[in-house]
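Examining the three-dimensional arrangement
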Amino acid sequence: EVQLVESGGGWVQAGGSLRLSCTVSGFTFDDYNIGWFRQAPGKEREGVGWIRRSEGWVYYADSVKGRFTISSDNAKNTVYLQMNSLKPEDTAVYYCAADITVIAGFYASGYDYWGQGTQVTVSS
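In this report, the structure presented in the accompanying data block is examined. Quantities reported herein were computed from a predicted structural model and do not represent experimental measurements. (Residues numbered from 1 in each chain as written. Predicted model: local features only at pLDDT ≥ 70, side-chain atom pairs only at ≥ 80, totals over all residues. Heavy atoms only, no water.)

**A closer look at the pairing of strand E7 (residues 68-73)**
Inclusion rule: Being paired, for any two strands, means DSSP has found at least two bridges between them. Each helix is a run of DSSP H or I of at least 4 residues and each strand a run of E of at least 2, with the numbering of both proceeding from the N terminus.
Examined bridge by bridge, E7 and strand E8 (residues 78-83) share six bridges and lie antiparallel to one another. Counted as the bridge partner of Thr69 is Gln82 from E8. Counting the residues between successive antiparallel strands, the hairpin from E7 to E8 contains four residues, one of them, Asn77, with a positive phi of roughly 55°.

Structure representation (structure tokens):
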């Protein structure tokens, strides 16, 4: 069965860094996109960015451009979200998701599989 597992969340002071990992297993499609999303309590789910595995093309939300970097290690079936210069408003549960259509982009409803999330808390 398809499974996505996030790891690497935690507590950090503003200006610090964290690296999240998303490991995919049981996935047999030739190509897919991995998206990163986040959701704070009482707020809507927000797209952070996404990467096309086969090409390495990456897109980011305006709120994280210049601070976050998405990369992929295809041999390890793992996608990373490197978060630098973290701000309190980055506090949320972060999710990775797989899109087998490779066109979902920032639309969460277009993703087919989701991880369970990992908490990121940024304090001043």
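**Section: empty space enclosed by the protein**
Rolled over the atoms, a probe sized like a water molecule indicates the empty space that remains. For the record, the criterion: Space inside and on the surface of the protein is sampled on a 1 Å grid over the protein atoms alone, with a cavity defined as a set of points where a 1.4 Å probe fits but cannot get out and a pocket as an open set with protein on both sides within 12 Å along at least 5 of 7 lines; lining residues have an atom within 4 Å of a point. Grid points are joined across faces, edges and corners, and a volume is the space filled by probe spheres set on the points.
For the coordinates displayed, the defined rule picks out one cavity of 30 Å³ or more. Within this model, the largest cavity holds a volume of roughly 40 Å³. Lining the largest cavity, in full, are Val24, Tyr32, Ile34, Arg53, Ser72, Asp73, Asn74, Asn77, Thr78 and Val79.

**Some remarks on the pairing of strand E3 (residues 18-25)**
Relative to E3, strand E1 (residues 3-7) runs antiparallel, the two sharing five bridges. Paired with Gln3 across the two strands is Ser25, which belongs to E3. Alignment of E3 against E8, held across six bridges, turns out to be antiparallel. Opposite Leu18, over in E8, you have Met83 as the bridge partner.

**Some details on the nonpolar core**
Put simply, the test is: Residues enter a nonpolar core if they are buried and are Ala, Val, Leu, Ile, Met, Phe, Trp, Tyr or Cys, with the set joined through side-chain atoms within 4.5 Å. We call a residue buried when its accessible area falls under 20% of the maximum for its residue type, exposed when it is over 50%, and partly exposed in between, using a 1.4 Å probe and counting protein chains only.
Ile34, Trp36, Phe68, Leu81, Met83 and Tyr94 are the most contacted members of the largest nonpolar core, which totals 27 residues. Elements with a contribution of two residues or more to this core: E3, strand E4 (33-39), strand E5 (46-52), E7, E8, strand E9 (92-99) and strand E11 (118-123). Of all hydrophobic cores here, the second largest spans six residues; its members include Trp50, Ala97, Ala104 and Ala108.

**So, the state of the cysteines**
Chemically, a disulfide is nothing more than a covalent bond linking the sulfur atoms of two cysteines. In plain terms, the rule: Counting rule for disulfides: a pair of cysteine sulfur atoms within 2.5 Å.
Evaluation of the coordinates by the stated rule reveals one disulfide. One disulfide bridge connects Cys22 with Cys96, the sulfur atoms lying 2.1 Å from each other. Between Cys22 and Cys96 the disulfide shows an S-S torsion of about 75°. By sign, it is right-handed. Linking Cys22 in strand E3 with Cys96 in strand E9, this pair joins segments that are 74 residues apart in sequence. Accessibility assignment for this pair places Cys22 and Cys96 in one class, buried.

Just distances and angles here, no functional claims.
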